[in-house]
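Reading the structure
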Amino acid sequence: MSKYTEIYGVDISKDVFDVYGSQTGSNQFKNDCQGFKKFLKVLSKETLVVMEATGYYHYRLAQFLHGQGILVSVVNPLSVKRFIQMKLAKVKTDKSDAKAISEYGQMNEVPLYNALTEVQSECLQLFRLLDSYLKHRTAIKNKLKGEEALGVPSKFVYRSLRRNLNHLNKEIESIESRLLELVKQDQQQQLTLLKSIPGMGMKTALFLIVVTEGFSRFNSASELCSYVGVTPTIRESGSSVRGRSRISKVGNKKLRNLLFLCAFSACKHNKGCRELYERIIAKGKSKKLALIAVSNKLLKQAFAIAKSGLPYDENFMSKLA
């Protein structure tokens, strides 16, 4: 028996969001303030609204409903996708997705959404902008190399690219400075604790604090590792199918890449990570697989330290699975 009078599933896109209520059926609203207010009128305090994490689109609605006292749950899109696949659904529309999300909320214990503080919200916006600028900078660097490969690049083109690159470097530096300022203001102790881990860089520590909301979003290290996407998947079936273990491509790609870069340093300076790396290599496994395992261990160390409130201890952390 559900503890909610009704569970709504929401499939949200840029312009509209489709809603399916476990009692009232389908509806559709505009993805703007007026649409939010119209949706609010059909809700009672005992209802639960379930939606997928869809980047920018879900955030405004979740924040609005939470601010109005409505219970909201933001779930992993992969979980819903697997739920739909298990039902062998042949029809896929926005309305059918909203219904599937509602049914997922009825059949599973879903986590309740906690609204972000102003600091957390600005940090997430800064990281999105930073990620966009970093990709743009990489593209310009590649373009510069391409122009240089011509042998006689156009001076006008070359100077324009250089100006653009210099501007991006300044903007990136400014964003990183603002991020550091905000995290120090909100989570100075946690930042200090994470930086005590050998191999953990400042940027990775900042990103971890922001995307995990100070590690409050996760109840276990394994949940966090799955979210980031550094948990190996095993490809085996009976006696005939044997595949390489590999990480899931689902997860926070940016954080996964940062951890992978940290793993190189951790293999040298972090006792537990170094021993793990050497043990895997000694078994004849690839260096890449060993570095993924180190990334996983680094994340578990970060989770243990953040939850305990104690700085890195070499003897304790080397034993952490």
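Structural notes, computed from the coordinates. (Residues numbered from 1 in each chain as written. Predicted model: local features only at pLDDT ≥ 70, side-chain atom pairs only at ≥ 80, totals over all residues. Heavy atoms only, no water.)

So, on to the packing of aromatic side chains. Any two aromatic rings considered together are summarised by their centre-to-centre distance and by the angle between their planes. Scanning the entire structure with this criterion turns up 10 aromatic pairs. Arranged with centres 5.8 Å apart and planes meeting at 85°, the rings of Y8 and F39 form a pair that is edge-to-face. Of this pair, Y8 sits in strand β1 (residues 7-12) while F39 sits in helix α1 (residues 33-41), placing them 31 residues apart in sequence. Neither residue differs from the other here; Y8 and F39 are each classed as buried. Relative to F36, the ring of F17 has its centre 6.0 Å away and its plane inclined at 50°; by these criteria the two rings are tilted. Of the two residues, F17 is situated in strand β2 (residues 16-21) and F36 in helix α1; the sequence distance between them amounts to 19 residues. Overall, F36 belongs to the buried group, its relative accessible area being 2%. (Phe/Tyr/Trp six-rings, centres within 6.5 Å; stacked < 30°, edge-to-face > 60°. Helix = DSSP H or I, 4+ residues; strand = E, 2+ residues; numbered from the N terminus. Buried < 20%, exposed > 50% of the residue type's maximum accessible area, 1.4 Å probe, protein only.)

According to the stated counting rule, one finds six salt bridges in the structure shown. Ionic pairing is found between E109 and K3, a salt bridge with its closest N-O pair at 3.6 Å. Of the two residues, E109 sits in the loop between α4 (94-107) and α5 (118-149) while K3 sits in the segment before β1, which places them 106 residues apart along the sequence. Classification of E109 as exposed rests on a relative accessible area of 69%. Among the ionic pairs, E176 bridges to K203, the shortest N-O distance being 2.9 Å. On the criterion of sequence distance, the pair formed by E176 in helix α6 (residues 155-195) and K203 in helix α7 (residues 202-211) is long-range, its members being 27 residues apart. (Salt bridge = Lys/Arg side-chain N within 4 Å of Asp/Glu carboxyl O.)

Taking strand neighbours across the sheet as the criterion, the five strands line up as β3-β2-β1-β4-β5 in an open arrangement whose pairing is mixed. Whereas interior strands pair on both sides, the edge strands pair on one side only; in this sheet they are β3 (25-30) and β5 (71-75). Averaged over all neighbouring strand pairs, the angle between strand axes comes to 25°, with direction disregarded. Taken strand by strand, α1 contacts β1, β2, β3 and β4 (48-52), and its axis lies near 150° from that of β3. (Pairing = 2+ DSSP bridges. Axes fitted to C-alpha atoms, helices over the stretch in contact; angles between N-to-C directions. Contact = heavy atoms within 4.5 Å.)

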